[in-house]
Every structure is written in C-alpha cells, then in structure tokens.
Amino acid sequence: MAAITAKMVAELRELTGLGMMECKKALVEADGDIKKAEEVLRIKSGNKASKMAGRTAAEGTVVAFITDDKKVGALIEVNCETDFVGKDENFAAFAKACAKAVVVGNPADVAALGAVKTDSGETVEEARNAIIAKLGENMTLRRFVRYETAGQLAAYLHGAKIGVLVDVSGGDEQLGRDLAMHIAASKPKALDASGVDAELVETERRVAIERAKEAGKSGDMLEKIAEGTVNKFLKEVTLLNQVFIKAEDGKQTIEQLVKSKAASINAFTMFTVGEGIEKKVVDYAAEVAAAAQL
C-alpha cells in the first residue's frame, strides 16, 4: 500500500475541487495513483470532479499574427513568472514580435525560432535575453502553431490568456471571427470524433460503466449506457457537433452554420496560457519564518 501524503491529497483536491477526506479515500482506493484517484472521484461524485482543463498554472500571454491576405498566420504562447510582467507593454511587444517571426521565418520548432530574426534585426533569442534583463524575470517560448492556407485564417484573443487560430475555406471574414470566438468559449477538443484522443473516449466509457454498476445496472444495459454516454461526450467536445454560441434558435450546430455559408473548417488551434504547467506555490510565511532564524 502506497503512503498517502498531505501533498498528494492537496494536489488531488486542487484537481477536483472536492473535500480532503474524499480525496484521501480516493487515493487510498487508487493505491496512491492520482490519475486513478481522480477517475474514482468522477465515478462517485460526477463530472464536477475535474477542473484540470480550466486551470491556469503559469503566467504570460497568447498572441496571434496573420498576414494581410489572411493566408499565413501563427499563434504563440510566451510565458513569464508573474502576471504583473505578463501585462507589461514591453513583454507584450516581445510576444508579438515572436508571433511575426514564426510567420516570416517558418521555424521547425521552438528551438529553431530562437535563431529567426525579428524586425529590429536581432534574433528572437537575443530579444528574449534583452527583455529578461530589462524586466528581471525568466521568459520562455512555450509553443506555437503556424498555418498556411488556400482559404483564409482568422484569430480571436480573449484578453491575453486564450488564443484561437482557425483555417476556413469559403465563407467570409465574419464567419472566421465567429468560429474563432466560439472555439474560445466552447473549447472543443477536435473538429470531429475522429480527432478525439482514444484514451479520453475509453475513460468516458469506463466511468459510465462504473457509475451504472453503482446504480444497480447490469448485463447489456451497461454497454447501452456506455455507448450513450460516449456519444453525448463526443457531441459536446467536437467542434462540428457543438451548438453555435450565437445561434438565434439555440439549436444550430457549427456544422450547419458552415454549410449555410458554403464553407468548411480545415483546422483550428486553441492555446490557454499555462495550461498543463504546474505553478510553484510559494509559502511566504514559511520563508519569513526561516529567514528570521538565520
């Protein structure tokens, strides 16, 4: 039996939003495996048991850059240590220069982006070092995506924390903006069911079966319930099946919207600042106490 520590309980509580005792019991049941414990809590407590997707664990900004002809564009996440620096105009300018460098230089990856020259004549890495020296915080270029299209690109930035880049064939500029805004609000995981991670689908199926068992269901009913749950999940997380956030009738799906505009969606990417990055929690009281003992 794995030892269940207070740190493990705190981590699971942060992920799920549930009580400490519930989290401790789940960890005991899962023999210390946090991922399995989260699944146990989902089975027992319902879908409120996962807040991971909406959690922001690092600071910085997401920036988009699209050429005037809407044919080439990039979306990039640049991180810093504090929200204060994340709002600094010099940091924002650096991030924008990085986004343009992705479009112009077409680097293979983040490492290659460092060697691309910006409009100022210095490389991205040189610019990064300069802004670090000026603002006094470490900064990283976490990830980017670059699209080239025969259609047209559109972007939507929700403040500095969420950014979307979408590639659309047909339609008009308004359609592209509407789609990008919808993606930012509804957070689809893929364009259609074929793009959804098989592990996510299997997890939904397994959770549905375990819930049904706890409710007293058995036999063929378990598979029917699981199939219905998976289908519902896929409708909720695939862009084409989602109901358009601006639909006047509250029923029009994205697939119906793009068909009505004689258009199609080729691809999309959404970045949320800090998604999946663990932020270090500083215990300032402990630091002060430790310093006082020196």
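To be clear, the structure that these remarks concern was listed above.
Not measured: the values here are computed from a predicted model.

Turning to helix H10 (residues 220–237), a few remarks are in order. In a regular helix each residue adds 1.5 Å, so 18 residues correspond to 26 Å; H10 covers 26 Å between its end C-alpha atoms and thus fits that length. What H10 keeps buried is the set Leu-222, Ala-226, Val-230, Phe-233, Leu-234 and Val-237. One side of H10 holds all its buried residues, which, seen down the axis, span an arc of 95°. Exposed and facing more than 90 degrees away from the buried side of H10 are Asp-220, Lys-224, Lys-232 and Lys-235. Next to the buried residues of H10 lie helix H9 (198–214).

This next bit is on the sheet that holds strand S4 (residues 152–158). Pairing is antiparallel across the open sheet formed by 3 strands, whose spatial order is S4-S5-S6. Single-partner strands in this sheet number two, and they are S4 and strand S6 (264–272). Taking each pair of neighbouring strands and ignoring which way they run, the sheet shows an average axis angle of 15°. By the bridge criterion, 8 bridges tie strand S5 (residues 162–169) to S6 in an arrangement that is antiparallel. Its bridge partner being in S6, Leu-165 is matched across the sheet by Thr-269.

Turning to the side chain of His-182, a few remarks are in order. As for its placement among the helices and strands, His-182 is situated in helix H8 (residues 173–186). Since its relative accessible area comes to 0%, His-182 is described here as buried. For His-182, the side chain forms a polar contact with the main-chain nitrogen of Ile-245, separated by 3.3 Å. Excluding residues that lie within four positions of it along the chain, His-182 makes contacts with Lys-187, Leu-239, Gln-242, Val-243, Phe-244, Ile-245 and Ile-254.

Turning next to the pattern of salt bridges. Under the definition given, this model contains 18 salt bridges. Residue Arg-206 pairs with Glu-39 through a salt bridge whose shortest N-O separation is 2.6 Å. You can see Arg-206 sitting in helix H9 and its partner Glu-39 sitting in helix H3 (residues 34–45), a full 167 residues away along the chain. Residue classification places Arg-206 among the partly exposed residues on the basis of a relative accessible area of 33%. For Glu-39, a relative accessible area of 18% translates into the label buried. Across the salt bridge formed by Asp-83 and Lys-87, the nearest N and O atoms sit 3.1 Å from each other. On the accessibility criterion, Lys-87 (65% relative accessible area) is exposed. Look at the salt bridges and you will find they share partners, linking Glu-59, Asp-83, Lys-87 and Lys-161 into a network.

Note on placement: Ser-186 falls in helix H8. Each C-alpha atom, one on Ser-186 and one on Thr-238, is 9.7 Å from the other, the two residues being 52 residues apart in sequence.

How each quantity is defined
- Residues numbered from 1 in each chain as written.
- Predicted model: local features only at pLDDT ≥ 70, side-chain atom pairs only at ≥ 80, totals over all residues.
- Heavy atoms only, no water.
- Helix = DSSP H or I, 4+ residues; strand = E, 2+ residues; numbered from the N terminus.
- Expected span 1.5 Å × (residues − 1).
- Buried < 20%, exposed > 50% of the residue type's maximum accessible area, 1.4 Å probe, protein only.
- Arc of directions from axis to C-beta.
- Contact = heavy atoms within 4.5 Å.
- Pairing = 2+ DSSP bridges.
- Axes fitted to C-alpha atoms, helices over the stretch in contact; angles between N-to-C directions.
- Polar contact = N/O pair within 3.5 Å; in protein donor to acceptor, adjacent residues only side chain to side chain.
- Salt bridge = Lys/Arg side-chain N within 4 Å of Asp/Glu carboxyl O.

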